[in-house]
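Spelled out, the chains give:
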Amino acid sequence: DIRDLLRGIWIARSASEQLRELISGYGELWSTQLVWGVLQSPPNNVKCSWMDARDVLMVRKDAAATITSRRLVAWDQSQRNLENWLKINPTDVVICTGFIATGTDGVSTTLGRNGSDYSATCFAKLLNAAVCEIWTDVDGVYSADPRSVPDAIVIDSLSYKEAAELAYFGAKVLHPDSMSPLVSNSIPMRIRNSYNPSAIGTLVRTDRVLSESDVKILDPSVGVKGFSIMDNISLVNVEGSGMIGVPGIAGRMFNALFEANISCILIAQASSEYSICAAIPAASGEAAERAIRRA
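Residues numbered from 1 in each chain as written. Predicted model: local features only at pLDDT ≥ 70, side-chain atom pairs only at ≥ 80, totals over all residues. Heavy atoms only, no water.

### Section: the pattern of salt bridges
Reasoning step 1: For the structure shown, the criterion picks out four salt bridges.
Reasoning step 2: For R54, the salt bridge goes to D52, with nearest N and O atoms at 2.8 Å.
Reasoning step 3: Residue class for D52 comes out buried when judged on its relative accessible area of 9%.
Reasoning step 4: Ionic pairing is found between R192 and E133, a salt bridge with its closest N-O pair at 3.5 Å. With a gap of 59 residues between them, R192 in strand β8 (residues 189-193) and E133 in strand β6 (residues 132-136) connect regions that are remote in the sequence. (Salt bridge = Lys/Arg side-chain N within 4 Å of Asp/Glu carboxyl O. Buried < 20%, exposed > 50% of the residue type's maximum accessible area, 1.4 Å probe, protein only. Helix = DSSP H or I, 4+ residues; strand = E, 2+ residues; numbered from the N terminus.)

Okay, here's the thing in structure tokens:
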């Protein structure tokens, strides 16, 4: 059917977002079926099943889902789908597609950036797994970008909060959305290297509560774990003597950014209330200025 889809796009000279997402998911369908076939064939002879994630993983298409760039999973419906699928396909090994899912409207869709990792953590949550391993092309999460800091080291353990901060500020091996399904179930995640399977990688787990003795002996897991940077950032600064002591200025500014669907990375306000500064993605700079001026 992909041939018919592509021919239709060629004739129409245009492709809707739904069509692009449908077609971009075919790579997952083909690659996982190839792996499934290899595992079943001699000399491997592995008893396993193949799963099309679109039969299980459902993403929301409601109003809440339209105001965020994240794909919000319909957990209850996905849980029921998985339980039904496992009843029909009892197996210990499942080769499952990543990246793709089905909207609650029944239309095929994708999970967006880092969708394959997000699929893994979603299924870990649905299965209440003991651990979720993410296999990538690096040994784990580094203390800094090795391209900028040659002597950066692999961090052996991180809390979810630490990992989320590093991920948000440029550690590309992680993505905050990928970790979110694991946090509620306290499921650990380990980052491993497909090209170096002997490396232990980085373990990301729930926050550890430190006792006074832990702090006093300077536990090596306490303190600065790493450094990361973000490129292409703009600073929006609102200042003026007329702001001093006037309630609601910050609220108007950030509500204007919210209505323009602009996320703030960092916020700072002078103690004198003379100015408010926000860091935002550079691509949103002009839109932020217009939104704040309107407010």
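Anyway, onward from the coordinates.
### Here we look at the nonpolar core
Reasoning step 1: One finds V141, L174, M179, L182, M189 and I191 to be the most contacted residues of the largest nonpolar core, which totals 18 residues.
Reasoning step 2: At the level of secondary structure, the elements contributing two or more residues to this core comprise β6, α7 (160-168), α8 (176-183) and β8.
Reasoning step 3: Per element, the largest residue contribution to this core is four residues, and it comes from α7.
Reasoning step 4: Ignoring any residue separated from it by four or fewer positions in sequence, one finds M189 in contact with T121, C132, I134, Y160, L174, M179, L182, T202, L203 and V204.
Reasoning step 5: By size, the runner-up hydrophobic cluster in this structure holds 14 residues, among which are A53, L57, V59 and V73. (Core = buried A, V, L, I, M, F, W, Y, C linked by side-chain atoms within 4.5 Å. Contact = heavy atoms within 4.5 Å.)

### With respect to the packing of helix α1 (residues 2-12) against helix α2 (residues 17-24)
Reasoning step 1: Across the interface, α1 lies against α2 with an axial gap of 11 Å and an inter-helix angle of 145 degrees. In the packing of α1 onto α2, the handedness of the crossing is left-handed. Contacts from I2, L5, L6 and I9 of α1 reach α2 at L19, L22 and I23.
Reasoning step 2: Grouping the amino acids of the contact of α1 with α2 by side-chain chemistry returns seven nonpolar, no polar and no charged. (Axes fitted to C-alpha atoms, helices over the stretch in contact; angles between N-to-C directions. Left-handed = near helix turned anticlockwise from the far one by under 90°. Nonpolar A, V, L, I, M, F, W, Y, C, P; charged D, E, K, R; others polar.)

### A closer look at the sheet that holds strand β12 (residues 275-281)
Reasoning step 1: Taken together, three strands build an open sheet; the order of strands is β10-β12-β11 and the sheet is antiparallel. Of all the strands in the sheet, the pair left with one neighbour each is β10 (233-239) and β11 (266-269). Shown here is a sheet whose adjacent strand axes are inclined to one another by a mean of 15 degrees, direction ignored.
Reasoning step 2: Of the pairings in the sheet, the one linking β10 to β12 comprises seven bridges and is antiparallel in character. The residue bridging I233 from the neighbouring strand is P281, located in β12.
Reasoning step 3: Sitting on the sheet, helix α10 (residues 249-259) touches β10, β11 and β12, and the angle it makes with β12 is about 15 degrees. (Pairing = 2+ DSSP bridges.)

### Re unusual backbone geometry
Reasoning step 1: At the junction of P42 and P43, the peptide bond is cis and its omega measures out at 5 degrees in the coordinates.
Reasoning step 2: Phi is positive for S186, which is not a glycine, with a value near 55 degrees.
Reasoning step 3: Position of S186 relative to the elements: it lies in the loop between α8 and β8.
Reasoning step 4: On the accessibility criterion, S186 (45% relative accessible area) is partly exposed.

### A closer look at the environment of M179
Reasoning step 1: Note that M179 resides in helix α8.
Reasoning step 2: Taking the C-alpha atoms as reference points, M179 and M189, separated by ten residues in sequence, lie 8.0 Å from one another.
Reasoning step 3: Among residues more than four places away in sequence, those in contact with M179 are Y160, A163, A164, A167, M189 and V204.

### What about the packing of aromatic side chains?
Reasoning step 1: Per the stated rule, a full pass over the model turns up two aromatic pairs.
Reasoning step 2: With a centroid separation of 5.6 Å and an interplanar angle of 55 degrees, the aromatic rings of Y26 and W30 are classed as tilted. Here Y26 and its partner W30 are both found in helix α3 (residues 26-40), four residues apart, which amounts to about one turn of the helix.
Reasoning step 3: Overall, the relative accessible area of 9% leaves Y26 in the buried class. (Phe/Tyr/Trp six-rings, centres within 6.5 Å; stacked < 30°, edge-to-face > 60°.)

### Quick notes on the packing of helix α5 (residues 75-88) against helix α6 (residues 115-127)
Reasoning step 1: The contact between α5 and α6 brings their axes to 10 Å, and the two run at 75 degrees. Considering their axes alone, α5 and α6 lie roughly perpendicular with respect to each other. For the pair α5 and α6, contact is made by W75, S78, Q79, L82 and L86 and by C122, F123, K125, L126 and L127, respectively.
Reasoning step 2: Per-class residue counts for the contact of α5 with α6 are seven nonpolar, two polar and one charged. (Parallel < 35°, antiparallel > 145°, perpendicular 65-115°, else oblique.)

Fair warning: the whole summary comes from geometry, so function is off the table for now.
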